[in-house]
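Observations on chain architecture
One-letter residues, chain by chain:
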Amino acid sequence: MLELFLLRHAKSSWDDPEVSDFDRPLNKRGKEDAPKMGEHLASVGVRPDLIVVSPAKRAKKTAKEVARALGYDEERIVWKESIYEASPQTLLYLICALPQEAKRVMLVGHNPGLTMLANLLGDVTIDNIPTAGVVGIAFDAKTWDAACKMRGHTIMFDYPKKLWRHDSHIDH
């Protein structure tokens, strides 16, 4: 059994129009939601063997906060340039090539690629993975090369408005 957790970066700031998309930081809400999502994932037993992350500033910060909450050594995070602005096909190739010793992998990146990938691999249709949202997919496979060619079972779809932000409508 293999498990893949797709985590979208937390809410980012659009305050400075001079800052490139790649360099946008987390905003106040993102800085609150990233560690809280990490705490939630730890509380439900998510323990990745490997965390692979887009090097965009908002994804890096999200990954570091979540890793800290999960007790995952930041030095072991793998930064993959190809995740930034990746198509679902690019993300699928990355998953096919994951190391076999990693049975539980977290991929931290961006929409629309992550949502499209969740719909390709999971058995639940998801319109949008909100910021700081996570989708967990389990595969009845022994290798990532096999898992990336099959539909898995969606075991988790959590996000801040569902878990602790009840101040507005729930995104589906």
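None of these values were measured; they are calculated from a predicted model.

Quick word on the pattern of salt bridges
- If you walk through the whole model with that rule in mind, you get ten salt bridges.
- A salt bridge links Arg68 to Glu74, with the shortest nitrogen-to-oxygen separation between them at 3.0 Å.
- What makes Glu74 partly exposed here is its relative accessible area of 29%.
- Linking Lys149 and Asp145 is a salt bridge whose minimum nitrogen-to-oxygen distance equals 2.9 Å.
- Three or more residues are tied together by salt bridges with common partners; here these are Lys61, Glu65, Arg68 and Glu74.

Details of the state of the cysteines
- Enumeration according to the criterion identifies one disulfide in this entry.
- Here Cys96 connects covalently by a disulfide to Cys148, the sulfurs 1.7 Å from one another. Sign of the S-S torsion, about 95° for the bond between Cys96 and Cys148, identifies this disulfide as right-handed. With a gap of 52 residues between them, Cys96 in helix α3 (residues 88-96) and Cys148 in the loop between α5 (144-147) and β6 (153-158) connect regions that are remote in the sequence.

A look at the packing of aromatic side chains
- Tallied over the full model, the rule gives three aromatic pairs.
- Here the aromatic rings of Phe22 and Tyr84 are separated by 5.0 Å at their centres, their planes lie at 85°, and the arrangement is edge-to-face. You can see Phe22 sitting in the loop between β1 (2-8) and α1 (28-43) and its partner Tyr84 sitting in the loop between β3 (78-79) and α3, a full 62 residues away along the chain.
- Plain terms: the ring middles of Phe139 and Trp144 are 6.2 Å apart, the flat faces sit at 75° to each other, and that makes the pair edge-to-face. Of the two residues, Phe139 and Trp144, neither departs from the other in class, the shared state being buried.
- The ring of Trp14 carries the charged tip of Arg24 above its face, separated from the ring centre by 3.7 Å.
- Lying across the ring of Trp79, Lys60 places its NZ or CZ 5.3 Å from the centre.

Side note on the packing of α3 against helix α4 (residues 113-121)
- In the contact formed by α3 and α4, the axes pass within 8 Å of each other and the chain directions differ by 65°. α3 and α4 meet at a crossing whose hand is right-handed. Where α3 abuts α4, its residues Pro88, Leu91, Leu92 and Ile95 lie against Gly113, Leu114, Met116, Leu117, Leu120 and Leu121.

So, helix α2 (residues 57-70)
- Over its 14 residues, α2 extends 20 Å from the first C-alpha to the last, a length consistent with the 20 Å expected when each residue adds 1.5 Å.
- Buried residues of α2: Arg58, Ala59, Thr62, Ala63, Glu65, Val66, Ala67 and Leu70, and no others.
- In this fold, the buried residues of α2 make contact with β1, α1, β2 (50-53) and β4 (104-109).

Section: unusual backbone geometry
- Backbone torsion omega between Asn111 and Pro112 reads 5°, so that peptide bond is classified as cis.
- Considering the arrangement of structural elements, one finds Pro112 in the loop between β4 and α4.
- Of note in the backbone geometry, Glu85 takes a positive phi value of approximately 55° without being a glycine.
- Of note, Ala132 is a non-glycine position whose phi angle comes to about 65°, a positive value.
- Residue Ala132 is classed as buried on the basis of its relative accessible area, which comes to 1%.

Reading the values: rules and limits
Residues numbered from 1 in each chain as written. Predicted model: local features only at pLDDT ≥ 70, side-chain atom pairs only at ≥ 80, totals over all residues. Heavy atoms only, no water. Salt bridge = Lys/Arg side-chain N within 4 Å of Asp/Glu carboxyl O. Buried < 20%, exposed > 50% of the residue type's maximum accessible area, 1.4 Å probe, protein only. Disulfide = S-S within 2.5 Å. Helix = DSSP H or I, 4+ residues; strand = E, 2+ residues; numbered from the N terminus. Phe/Tyr/Trp six-rings, centres within 6.5 Å; stacked < 30°, edge-to-face > 60°. Lys NZ or Arg CZ within 6 Å of the ring centre and 35° of its normal. Axes fitted to C-alpha atoms, helices over the stretch in contact; angles between N-to-C directions. Left-handed = near helix turned anticlockwise from the far one by under 90°. Contact = heavy atoms within 4.5 Å. Expected span 1.5 Å × (residues − 1).

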